[in-house]
2 protein chains.
Amino acid sequence: MTYLDQITSPTLLIDEKICRANMKRMADKASRHGLKLVPHWKTAQSHEIGNWAKEYGIKEVTASSIKMAEYLCGQGWENIHIAFPFNPLEIPRLNRLAKSQSISIQLINTVTTQKLVDGLTKKVGFFIEIDAGYGRTGVKNTDFELIDSILQTAKTSEHLFFKGFYLHAGHSYYMPDIPALYEQTRNALSDLKTRYRKEYPNLVTRTGDTPGCAVMEDFGDIDEMGPGNFVFYDLMQVELGGCERSDVAVCLAVPVVDINQERGEILVHGGGVHLAKDVLKNPDGSNNFGEVVYLNASGWTIPDSKDRSYLKSISQEHGVIKASKSLLETAKVGDLLGILPIHSCMTADAMGEYLSLDGKIIDHAEGCH
Amino acid sequence: MTYLDQITSPTLLIDEKICRANMKRMADKASRHGLKLVPHWKTAQSHEIGNWAKEYGIKEVTASSIKMAEYLCGQGWENIHIAFPFNPLEIPRLNRLAKSQSISIQLINTVTTQKLVDGLTKKVGFFIEIDAGYGRTGVKNTDFELIDSILQTAKTSEHLFFKGFYLHAGHSYYMPDIPALYEQTRNALSDLKTRYRKEYPNLVTRTGDTPGCAVMEDFGDIDEMGPGNFVFYDLMQVELGGCERSDVAVCLAVPVVDINQERGEILVHGGGVHLAKDVLKNPDGSNNFGEVVYLNASGWTIPDSKDRSYLKSISQEHGVIKASKSLLETAKVGDLLGILPIHSCMTADAMGEYLSLDGKIIDHAEGCH
C-alpha cells in the first residue's frame with residue numbers, strides 16, 4: 001500500500017523533502033545576508049507546513065486576508081502580518097483577533113488609518129506599503145506627504161504602532177531585469193529608512209517577491225524578506241529562473257479517463273477548479289496549463305525535455321494533455337499522472353488540502369479568502 | 001439592516017428573482033420545443049437553488065464529478081447524471097452512490113465500459129458522449145465501430161443500461177456561428193438516433209451548452225437540453241449574445257480599500273481566489289476581469305455603458321478597477337462595490353456559498369471537484 005492506492009480523484013500531492021529543502025535554502029540565504037525571513041503563508045496556508053517551517057528558524061508569517069490570519073492564529077507564531085491594504089470594514093474582526101495574537105497590518109492611506117484610530121481597541125502594528133514602480137498598490141516611495149500624514153494620524157492612537165516599510169516588487173513576475181528592479185527596491189527602502197529612522201529607530205524594511213528573493217544576492221540594508229511561493233515553487237518560477245523543475249514541491253495527481261492516439265492526447269480529470277487557470281506560453285506560442293510528471297510509490301520523476309507532455313487546454317473539470325510519444329505508448333485509462341502546476345499558490349488554494357507521500361492529509365485553510 | 005450590513009469581506013451575492021427568471025425562461029423555452037430541461041448543476045451546486053428549480057418543473061440535474069453527485073444526492077432528484085468521461089478508479093464510490101440515488105454516467109471508450117461490467121454492483125445508466133467537432137472529448141459522431149463496441153461491451157452487464165447520446169458543443173464559446181454549430185449538433189444526434197433506435201427504442205439525445213440553448217430556436221429531434229450557466233449567466237454569456245447584463249444573477253461584493261485619483265483606479269479586496277481568472281478583452285485590447293455594478297439595499301444597478309468601470313487586473317487577492325469619472329467622484333474607502341463575473345461557474349466554485357439579498361446564506365457544495 002502506498003499513497004497512490006488512496007487516490008481515486010484529483011489530489012494535490014506534497015513532497016515534504018522538497019518543501020523542507022526549499023525552506024532551508026531560503027532560510028540559509030536570509031541568514032547569510034543577515035535578513036529575517038518572514039514567509040508569506042498565502043502559498044502554504046497550513047499549520048502542518050508551518051510546523052516544518054519552524055524547524056528552520058521561521059517565527060513569523062504573513063497572511064493575505066484577515067480570514068487567513070484567523071486560521072493561522074493560535075499556532076505559536078510570534079506575529080502574523082496581514083499583507084493587504086487594510087479593509088476598514090474589518091476593524092471589529094481585527095480587534096477580536098488581536099486579543100490573542102500579535103498582529104500587524106498594512107496601510108496606504110489616511111482614511112483607513114483614521115478609521116483605525118477611531119475603532120481600534122487592541123494594540124496592532126502596521127507597515128506602510130511602498131510602491132517603487134510595480135503600480136498595483138502602495139504609497140509612492142517619494143510621496144513623503146502621504147507617508148507623513150499616515151504616521152501623524154497613527155500617532156494619535158495608543159493602539160497603532162509603526163513597524164516599518166513593506167515593498168512587494170511584483171513586477172519581477174513579468175519584467176525580465178530583476179537586478180534592475182532590485183536596485184530600485186533597495187534604494188527606495190534605504191532612502192526611507194534613512195529619512196524616518198531618526199524618529200522611528202526600530203523601523204524595519206521588508207521586501208517580498210519570490211523571484212527576487214530567489215535570484216538576488218545583494219539586499220543592501222533591507223532587514224526582512226517575505227517571499228511566499230518559494231515553499232512550493234512552480235513552473236512560473238522555473239520560467240523566471242528562480243528554481244528548477246525538481247524544486248517544485250507539489251503536483252496534482254489526476255486520473256486518466258481517455259486516450260486519443262490519433263490526436264496524441266490524453267484526457268484527465270483535472271481542470272480549472274483544481275489547478276486554477278494560470279497559463280504559460282510554450283516556445284511555439286501554444287498554451288501550457290501544467291506539465292506531466294510520472295508518479296511512483298515514493299513521489300514523482302520528471303521526464304527529459306524531449307519527452308515532455310503538458311496540459312494544452314483545461315476547462316472547469318477537464319484537462320487535455322498533449323502527450324509525448326513514450327507517454328502515449330505506456331499510459332492506460334485508469335492510470336494516475338502528476339501535473340506540476342503553473343501557479344502553486346492558486347492550485348493549493350483551489351484544492352484546499354494536500355496528501356503527503358506517506359499518505360497523510362496535510363491541512364490547508366478552507367476558503368480563507 | 002439590509003444584507004449589506006452583513007458584508008465585511010468578499011461575498012458572492014445572488015439575486016433570487018433574476019435567477020428564477022433565468023430558470024423560468026429556459027424551462028419555458030424547453031417546453032415550447034418539447035424538450036426536457038436537465039440543467040448542469042456544476043454552475044449552481046446548491047440544494048437551495050435546486051429547490052427553486054423544482055418549481056419550474058426541473059426534476060433531474062447533471063453533475064461534473066462524482067463528488068458533486070454525492071453532494072446533490074438525497075435531494076429528491078429523479079436522476080443525477082455525471083457528465084464527465086467516467087473515471088474507472090471511482091467504481092466503488094459509484095456503487096455506494098447508486099444504492100440510494102438513480103445515477104447515470106458518460107462513456108467514451110471500451111476500457112472503462114469493461115471495467116464497469118466487471119465492477120458494477122448496482123444499476124447505472126449511461127450516455128455515450130459524442131464529439132461532433134468540439135474536439136475536447138467524446139466519440140466522433142461517425143465512429144460507429146467504437147459506439148458499437150461500447151454498446152456490445154455494456155450489454156454483457158446486467159447493471160449497465162444505455163440511455164442515449166450526449167453532446168456538448170462547447171465550441172459555441174469561441175466560434176461565432178452558433179446556428180452552423182447547431183446544425184452540426186442536430187444532424188449528428190438525429191443520425192445517431194435513426195441508426196440506433198431500432199435496437200434502443202427509448203434512447204434519448206441531449207445537447208448542452210448555454211450559448212446554444214439560449215440563442216437557438218431549432219432543436220430538430222433532440223430530446224433533452226442540458227445547459228448549466230444559464231441559471232446565473234455572466235459577462236462571457238453577455239458577450240456571446242445569450243443574455244443581457246441585467247440577466248446576470250450573481251455578483252461579487254468587494255470592499256474598497258484604496259482610491260488612486262491620479263491613475264483613475266480603485267483597489268478592492270477581490271482577486272483570483274474569489275473570481276477565478278477568466279478574462280474578456282475590451283474593445284481596445286485591454287483585459288476585463290469583471291465589471292462594476294452599484295449595490296443598494298435591494299440589489300444592484302448597472303451603470304450606463306458610458307459610465308462603465310471594470311477590473312483591469314487581478315492577482316491572488318487584489319483587484320484593480322479602472323474607474324469611470326463618476327465612480328471616482330463618489331467612491332470612498334470602506335464602500336462596497338459589486339463585480340459582475342466573467343465566468344460565474346468558476347466564481348461560485350471559488351466562493352463556496354452565496355448571500356441572498358435578504359441576508360440568508362445559500363449553500364454551495366464545498367470543494368466538490
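Please read all numbers here as calculations on a predicted model, not as lab measurements.

Trainee: Would you mind going over the overall build of chain A in detail, with residue names and values included?
Mentor: Of regular secondary structure, chain A possesses twelve helices and 21 strands. The globule rule puts the C-alpha radius of gyration for 369 residues at 21 Å, and the 22 Å found for chain A is close to it. Each of the three principal axes of chain A carries a C-alpha extent, and together these read 70 × 40 × 35 Å. When contacts within chain A are restricted to residue pairs at least 6 apart in sequence, those whose partners lie at least 24 apart make up 65%.

Trainee: Requested: an account of the relation of the copies chain A and chain B, with residues and values cited.
Mentor: Taken as rigid bodies, chain A and chain B are interconverted by a rotation of 180° and an axial shift of 0.0 Å, the fit giving an RMSD of 0.0 Å. As the rotation angle and translation indicate, the two copies are arranged about a two-fold axis. For chain A, the smallest separation between a C-alpha atom and the rotation axis is recorded for Lys277(A), amounting to 3.1 Å. The fraction of interface residues of chain A whose copies in chain B are also interface residues reaches 100%, indicating that both copies meet through the same surface.

Trainee: Run through the interface of chain A and chain B, naming residues and quoting values.
Mentor: In this assembly, 46 residues from chain A lie in contact with 46 residues from chain B. Taken together, the residues of the side of chain A that touches chain B break down into 17 nonpolar, 18 polar and eleven charged.

Trainee: Describe the environment of Lys140(A), with residues and values.
Mentor: Residues and elements named next belong to chain A. Mapped onto the secondary structure, Lys140 falls in strand S7 (residues 139–140). Classification of Lys140 by C-beta neighbours within 10 Å gives partly exposed; the count is 16. In sequence terms Lys140 and Ala188 are 48 residues apart; their C-alpha atoms lie 9.5 Å from each other.

Trainee: Can you lay out the domain arrangement of chain A for me, pointing to particular residues and giving the numbers?
Mentor: Residues and elements named next belong to chain A. By domain assignment, chain A separates into domain 1 (3–11 + 244–363) and domain 2 (33–231). Computed over C-alpha atoms, the centres of domain 1 and domain 2 are 34 Å apart. Counting from both sides, the interface comprises six residues of domain 1 and, opposite them, ten residues of domain 2. Where the side of domain 1 that touches domain 2 is concerned, the elements lending two or more residues are helix H12 (344–351) and strand S21 (361–363). Residues of the side of domain 1 that touches domain 2, tallied by class, amount to four nonpolar, one polar and one charged.

Cut-offs and rules
- Residues numbered from 1 in each chain as written.
- Chains lettered and ligands numbered in written order.
- Predicted model: local features only at pLDDT ≥ 70, side-chain atom pairs only at ≥ 80, totals over all residues.
- Helix = DSSP H or I, 4+ residues; strand = E, 2+ residues; numbered from the N terminus.
- Rg over C-alpha atoms; globule rule 2.2 N^0.38 Å.
- Contact = placed C-beta atoms within 7 Å.
- Least-squares fit on C-alpha atoms with pLDDT ≥ 70 in both.
- Nonpolar A, V, L, I, M, F, W, Y, C, P; charged D, E, K, R; others polar.
- Buried ≥ 20, exposed ≤ 12 C-beta atoms within 10 Å, placed from the backbone.
- Domains from an automatic or database assignment.

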